[in-house]
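Letter by letter, the chains look like this.
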Amino acid sequence: MTGNGTLTRADLAESVNRHIGLSRAEAATLVESILEHMSAALERGENVKISSFGTFVLRDKTQRMGRNPKTGVEVPIEPRRVLTFRASQTMRDKVASV
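Criteria and thresholds
Residues numbered from 1 in each chain as written. Predicted model: local features only at pLDDT ≥ 70, side-chain atom pairs only at ≥ 80, totals over all residues. Heavy atoms only, no water. Helix = DSSP H or I, 4+ residues; strand = E, 2+ residues; numbered from the N terminus. Rg over C-alpha atoms; globule rule 2.2 N^0.38 Å. Core = buried A, V, L, I, M, F, W, Y, C linked by side-chain atoms within 4.5 Å. Buried < 20%, exposed > 50% of the residue type's maximum accessible area, 1.4 Å probe, protein only. Domains from an automatic or database assignment. Contact = heavy atoms within 4.5 Å. Pairing = 2+ DSSP bridges. Axes fitted to C-alpha atoms, helices over the stretch in contact; angles between N-to-C directions.

Enquirer: Tell me about the overall build of the protein chain, and name the residues and values.
Expert: Secondary structure assignment for the protein chain yields three helices and five strands. The secondary structure elements of the protein chain, listed N-terminal to C-terminal, are α-α-β-β-β-β-β-α. Whereas a compact globule of 98 residues would reach a radius of gyration of roughly 13 Å, the protein chain reaches 19 Å, over 25% beyond that. Here the C-alpha coordinates of the protein chain stretch approximately 60 × 35 × 25 Å along the principal axes.

Shown next as structure tokens:
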């Protein structure tokens, strides 16, 4: 992991390189392939579930009225699709025990 506490694609590729023994280029390609496959599934409107990790869920939000906090004027908020992540119970337990 990088010094700022963020896990990056390069960190994932390095881990694959160390644990599986693929070359750095092959490991980076594998990581990119997995992320691209997940992105493509989400673009098609499919949820992505990774056992013992969590689920990426697409939600369609309807139009609603919001308020500009600066002026107080009500404005319509357009309908949109949002991506949410729900951690599995296993992941929640791991994070809670740290």
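Enquirer: Outline the nonpolar core, listing residues and values.
Expert: Core analysis: the biggest nonpolar cluster contains six residues, these being Met38, Ala41, Leu42, Val48, Phe56 and Leu58. Elements with a contribution of two residues or more to this core: helix 2 (24-43) and strand 2 (54-61). Built from parts of two domains, this core gets at least three residues from each of domain 1 (7-44) and domain 2 (47-97). Once you skip the residues sitting within four places of it in the chain, Phe56 turns out to touch Met38, Leu42, Asn47, Val48, Ile50, Leu83, Thr84 and Phe85.

Enquirer: Kindly report on the sheet that holds strand 1 (residues 48-50), identifying the contributing residues and their values.
Expert: Judged by pairing direction, the sheet is antiparallel, and its three strands sit side by side in the order 1-2-5 without closing on themselves. Edge positions in the sheet fall to strand 1 and strand 5 (80-87), since each of these pairs with one other strand and no more. In this sheet, adjacent strand axes meet at a mean angle of 25 degrees when their direction is disregarded. Bridge count for strand 1 against strand 2 is three bridges, and the pairing is antiparallel. The partner of Ile50 across the bridge, within strand 2, is Gly54. The sheet strands contacting helix 2 are strand 1, strand 2 and strand 5, and the helix crosses strand 1 at an angle near 140 degrees.

Enquirer: I'd love a proper account of the domain arrangement of the protein chain, names of residues and values included.
Expert: Assigned domains of the protein chain: these are domain 1 (7-44) and domain 2 (47-97). Summarising the inter-unit geometry, the C-alpha centres of domain 1 and domain 2 are found 25 Å apart.

Enquirer: Explain the pairing of strand 4 (residues 74-77) to me, using residue names and the numbers behind them.
Expert: Across four bridges, the pairing between strand 3 (residues 64-67) and strand 4 is antiparallel. Looking at strand 4, one finds that Met65 is bridged to Pro76. Where strand 3 folds back on strand 4, the antiparallel hairpin that results is connected by six residues, among which Gly72 adopts a positive phi of roughly 80 degrees.

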